[in-house]
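Observations on chain architecture
Now for the letters of each chain:
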Amino acid sequence: MPDIRPASWQRYLPILQWSHGYNRGIFSRDLIAAIIVTVMLIPQSLAYAMLAGVPPEMGLYASILPLIAYAIFGTSRTLSVGPVAVVSLMTATAISKFSDAGTIDYINAAIILALLSGLMLILMGLLRFGFLANFLSHPVVAGFITASGIIIALGQLKHILGIQAQGDNVLELGHTLFAQLGQVNPLTCGVGISALLFLFWARTYLKPTLMKLGIGDNLADKLVKAGPVFVVIATTVAAYLFDFAAQGVAIVGTVPQGLPSLQLPDFSFELWSSLATSALLISTIGYVESVSVGKTLAAKRRQRIDPNQELIGLGSANVASAVSAGFPVTGGFSRSVVNFDAGAETPAASILTALGITAVALFLTPYLYYLPQATLAAAIIVAVLSLVDFSSIRHAWHCSRSDFYGLAITIAITLFFGVERGVLSGVVVSIAIHLYRTSRPHMAVVGEVPGTEHFRNVKRHDVVTHPNIISLRVDESLYFANAAYLEDSIYGLIADNQDVEHIILMCPAVNEIDMSALEVLESVNERLGEQNLSFNLSEVKGPVMDFLQKTDFLEQLNGQVFLTQHQAIEELKTPLAN
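Definitions and limits used
Residues numbered from 1 in each chain as written. Predicted model: local features only at pLDDT ≥ 70, side-chain atom pairs only at ≥ 80, totals over all residues. Heavy atoms only, no water. Helix = DSSP H or I, 4+ residues; strand = E, 2+ residues; numbered from the N terminus. Buried < 20%, exposed > 50% of the residue type's maximum accessible area, 1.4 Å probe, protein only. Areas by Shrake-Rupley, 256 points an atom, 1.4 Å probe, with all protein chains shown as cover. Lys, Arg positive; Asp, Glu negative; His and termini not counted. Charge placed at Lys NZ, Arg CZ, Asp CG, Glu CD. Pairing = 2+ DSSP bridges. Polar contact = N/O pair within 3.5 Å; in protein donor to acceptor, adjacent residues only side chain to side chain. Contact = heavy atoms within 4.5 Å. Core = buried A, V, L, I, M, F, W, Y, C linked by side-chain atoms within 4.5 Å. Salt bridge = Lys/Arg side-chain N within 4 Å of Asp/Glu carboxyl O. Axes fitted to C-alpha atoms, helices over the stretch in contact; angles between N-to-C directions. Parallel < 35°, antiparallel > 145°, perpendicular 65-115°, else oblique. Left-handed = near helix turned anticlockwise from the far one by under 90°. Right-handed = clockwise from strand over helix to strand, strands pointing away. Patch = residues over 30% accessible without salt bridge, like charges linked within 9 Å, V, L, I, M, F, W, Y side chains within 5 Å. pLDDT = per-residue confidence, 0-100. Phe/Tyr/Trp six-rings, centres within 6.5 Å; stacked < 30°, edge-to-face > 60°. Lys NZ or Arg CZ within 6 Å of the ring centre and 35° of its normal.

**Considerations on the overall build of the protein chain**
In terms of helices and strands, the protein chain carries 25 helices and eight strands. Split into buried and exposed, the 578 residues of the protein chain put 52% on the buried side. When the accessible surface of the protein chain is split by element, carbon and sulfur atoms take 61% of a total near 26800 Å². Separation between the mean location of the 32 positive side-chain charges and that of the 42 negative ones in the protein chain comes to 13 Å.

**Regarding the sheet that holds strand β5 (residues 469-474)**
Read from one edge of the open sheet, six strands run β4-β3-β5-β6-β7-β8, paired in mixed fashion. The outermost strands of the open sheet, each flanked by one partner alone, are β4 (455-457) and β8 (561-562). Here strand β3 (residues 443-448) pairs with β5 via three bridges, running antiparallel. Bridging from a neighbouring strand, Met443 pairs with Val474 of β5.

**Quick word on the side chain of Gln44**
Within the secondary structure, Gln44 is located in helix α3 (residues 24-52). By relative accessible area, which is 12% here, Gln44 ends up buried.

**Quick look at unusual backbone geometry**
One non-glycine residue with positive phi stands out, namely Arg302, at about 55°. For Arg302, a relative accessible area of 82% translates into the label exposed. Phi at Ala325 is positive, roughly 65°, even though this residue is not glycine. Relative to the elements of secondary structure, Ala325 occurs in the loop between α14 (307-323) and β2 (330-331).

**Remarks on the environment of Thr410**
In this structure, Thr410 sits in helix α19 (residues 401-417). Classification of Thr410 as buried rests on a relative accessible area of 0%. Between the C-alpha atom of Thr410 and that of Ser261, which follows or precedes it by 149 residues, the distance is 41 Å.

**Description of the side chain of Gln565**
When you line up the elements, Gln565 lands in helix α25 (residues 565-572). Within polar-contact distance, the side chain of Gln565 engages the side chain of Ser471 at 2.8 Å. Discounting residues that sit within four places of it in the chain, Gln565 has contacts with Phe455, Ser471, Ile504, Met506, Ser538 and Glu539.

**Things to note about the nonpolar core**
Among the nonpolar cores identified, the biggest contains 103 residues, and Val54, Met58, Met90, Phe144, Phe327 and Ile380 are the most heavily contacted of them. When residues in this core are grouped by element, the largest group, 13 residues, is from helix α13 (residues 269-300). In contact with Val54, other than residues within four places in its own chain, are Ala49, Tyr106, Ala110 and Phe327. Tyr491, Val500, Leu505 and Leu548 belong to the second largest nonpolar core, which has 30 residues in total.

**A short note on the environment of Thr346**
Residue placement: Thr346 occurs in the loop between α15 (333-341) and α16 (348-363). When its relative accessible area of 4% is taken as the criterion, Thr346 is described as buried. Residues Thr346 and Thr414 lie 68 residues apart in sequence; the distance between their C-alpha atoms is 36 Å. In terms of polar contacts, Thr346 uses its side chain to reach the side chain of Asp30, at 2.6 Å.

**As for the pattern of salt bridges**
Overall, the coordinates contain seven salt bridges when judged by the stated rule. Where Arg473 meets Asp475, a salt bridge forms, and the shortest distance between an N and an O atom there is 2.9 Å. Owing to a relative accessible area of 15%, Arg473 belongs among the buried residues under this scheme. In this structure Asp475 comes out as partly exposed when scored by relative accessible area, which is 27%. Where salt bridges share partners, they join Lys207, Asp217 and Asp221 into one cluster.

**Considering the packing of helix α5 (residues 65-73) against α16**
Two numbers describe a pair of packed helices, the interaxial angle and the distance between the axes. Interaxial distance between α5 and α16 falls to 8 Å at its minimum, and their mutual angle equals 165°. If you check the angle between α5 and α16, you find them roughly antiparallel. Where α5 crosses over α16, the handedness of that crossing is left-handed. Across from Leu67, Ile68 and Ala71 in α5, the residues of α16 making contact are Ser350, Ile351, Thr353 and Ala354.

**Here's the deal with the pairing of strand β7 (residues 534-538)**
Buried residues dominate β7, accounting for five of its five residues. Here strand β6 (residues 502-506) runs beside β7; their pairing, made up of five bridges, is parallel. Opposite Ile504, over in β7, you have Asn536 as the bridge partner. Tracing the backbone out of β6, into helix α22 (residues 515-530) and back to the parallel element β7 gives a crossover that is right-handed.

**Considerations on a nonpolar patch on the surface**
Taken together, Ile233, Val237, Tyr240, Leu241 and Phe242 make up a surface patch of nonpolar side chains, about 550 Å² in accessible area. By the element assignment, Val237 lies in helix α12 (residues 227-241).

**Observations regarding the confidence of the model for the protein chain**
In the predicted model, the protein chain carries a mean pLDDT of 90, and the fraction of residues at 70 or more is 97%. Across the protein chain, the secondary-structure element scoring lowest on mean pLDDT is helix α1 (residues 9-12), at 72, and the one scoring highest is β7, at 97.

**Side note on the packing of aromatic side chains**
One pass over the structure, following the stated rule, counts nine aromatic pairs. An angle of 20° between the planes, with centres 6.5 Å apart, marks the rings of Phe242 and Phe244 as stacked. Aromatic side chains Trp397 and Phe404 sit 4.8 Å apart centroid to centroid with 75° between the ring planes, which places their arrangement in the edge-to-face category. Residue Trp397 is classed as partly exposed on the basis of its relative accessible area of 35%. Given the relative accessible area of 16%, Phe404 is considered buried. Here the aromatic cluster, defined as three or more aromatic residues joined through ring pairs, consists of Tyr240, Tyr369 and Tyr370. Directly above the aromatic system of Tyr491 lies the positively charged group of Arg527, at a separation of 4.0 Å from the ring centroid.

**Structural notes on the pairing of β3**
Counting buried residues along β3, five of its six residues qualify, which places the element largely inside the surrounding structure. With three bridges connecting them, β3 and β4 associate as antiparallel partners. Bridged to Gly447 within β4 is Arg456. Remark: six residues form the turn of the hairpin made by β3 and β4, two consecutive strands paired antiparallel; Gly451 in that turn has positive phi of roughly 80°.

Shown next as C-alpha cells:
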C-alpha cells in the first residue's frame, strides 16, 4: 500500500514541491513559455484530433485539464502533456474496429479509451510498476516510432490530395490511395502541397531569412516555432475569401464554442473489455515516450523525475482528458522541447498554457470554420517525419546485430500489420533480445596479472595461469535461461584440460541465482566430485551468499567458497605452476 502519511504528500503531489518559493521572476519566464507553447499547440491539437478521427474541438479539450492534472501530479518541470501523433494513431486504430470515425459511438469510445488508459497508469503507479518501461528496449521503441511516423504521413496524404483512403498499414493505405488517384482535387492538392513546402522551408530557412531582415535570434526562433500558425491563418483566410469549400476542398467546419461539461462516459462491460488491451498498449507507449522525454530534459538541468510518480501523473492527465471529453494524451517531444527552450521553469507553464487553450475554445473557434483539413494534414506530416529515424537502423547494424534485428522486425511488423501488432511485437522482441543475450552470457577463463591481485581474460592479457586450476568468470546473473550454457561451458573446459584438479567459478558479476541455476550448480558439483575434481566459488556477493546459505548447496559443495580470487589461487595452486 502507498504511504499516505503527511510526510509523503509531496511525493504524491509534486506541485507542493515546485510551488514552494514560486516568485514573480519564475512566473514571467513560465508565462513566456506558455504563450509560445499555446501558439504551437493550437494547430497541433486540431491536427491530432483529426488524426485520431475525432472532432477538432476534442483536441482542444484534451489540451486543457490534462495539462493541469499533470502539473499537479507529474514530476517533470518542463514536460508538456497533450495529444501526440503516435498515440492519436493508436487511438484511431483501436476504435475503428468498433465504429466509424466521427460518430457518437466512436467519440464515446475515444473518451473511454482515455479513461481506461488513465486508470491503468494510476494503478501501475500506485503499485510502483515504473520498471515496466524497461520491457521496451530503445531500439525497438525507435523502430516502432519510425514505422508509425511513416504510416501517419502516408495516411495523411488522403487529406493532401482530397481523396478517400483507409487502412492501418502501408499495404492497405498504399492500395486505397493508388486506387483513388483519379479523384484528386487539384485545389485541395495545391493547398496541401503549398502548406507542406512552406513548413519544410520554414524549418530550415525561415530563421536565417528573418535574421537577415534584422530580427534578433531569440524572436526569430520563436517565429519559426509559430510557423504552423501562420499557415493556418493564411489558408483559412484564403479558404474564406475564395470559398474553397464550394470547390470541393474539405474544411474543418463548425467547431463548438465553449467548454464541455464534466462527466464520465457510460459504462458498457462489452465495450470497456474490448478496449482494455488497446488501452494498455497506448498506456505503455505513451509512458515510455513521455518518460524518455522527461528524463532527457530533466538531466539538462540536473533535475530528476520519479518513474512511478510519472505513471500517476500521466494517468491523472488521461482521466482528466476523459472527464472533459478528450482522448488519450501523453508527453509530447516537440512541445516539451519548445517549452524547455522557451525558458519554462515549472509546471505552472502548463497551467498557463491550459488557460490559453481555454481562451481559444471560448472565443476563437468560430474562426476555425474555414480551416482546410489539408493544412492540418501538412502540419501532421511535417511533425511526424521528424520522428522517422533511419540512422538508428544503420547505427544498430554496426553496433549490435541483435538490436538491429529487433528494430527491423518491429518496423516491418508495424508497417505491414499495423501499430497494435507492432507494439506487441516490440514487447516480445525486447524480451526475446534480453533472453538471448543473457542466455549466452559472456564468460572468460582468467589468469592473474603479474605483480597484482587482479584477474583478466587469458585471451586479452598476458597473465599467469596454473595447469591444475581453471578459473572461469561469468559476467551475468545465473537463471533458467543460461544455466545449461554455463554447465556445458564448464564440461567443455574440463574435457580440453586433462591436468585440471580444481574449478573456480568467479562470481563478481553474479547478482542473483534462481532455483534452476542452483540445480545446475548442484549437478555440476556432483559430477565434478565423481571425477575427483573440486568445485569452488570466489567473490560471491552478499545477497547471493544469503540465498545459498538458505539451501544445502554449501554443505554439499566439494570445494570451498573464497572471499577473493587471489586467495583461491594461493590455496589451490601447486608448486608446478608456471
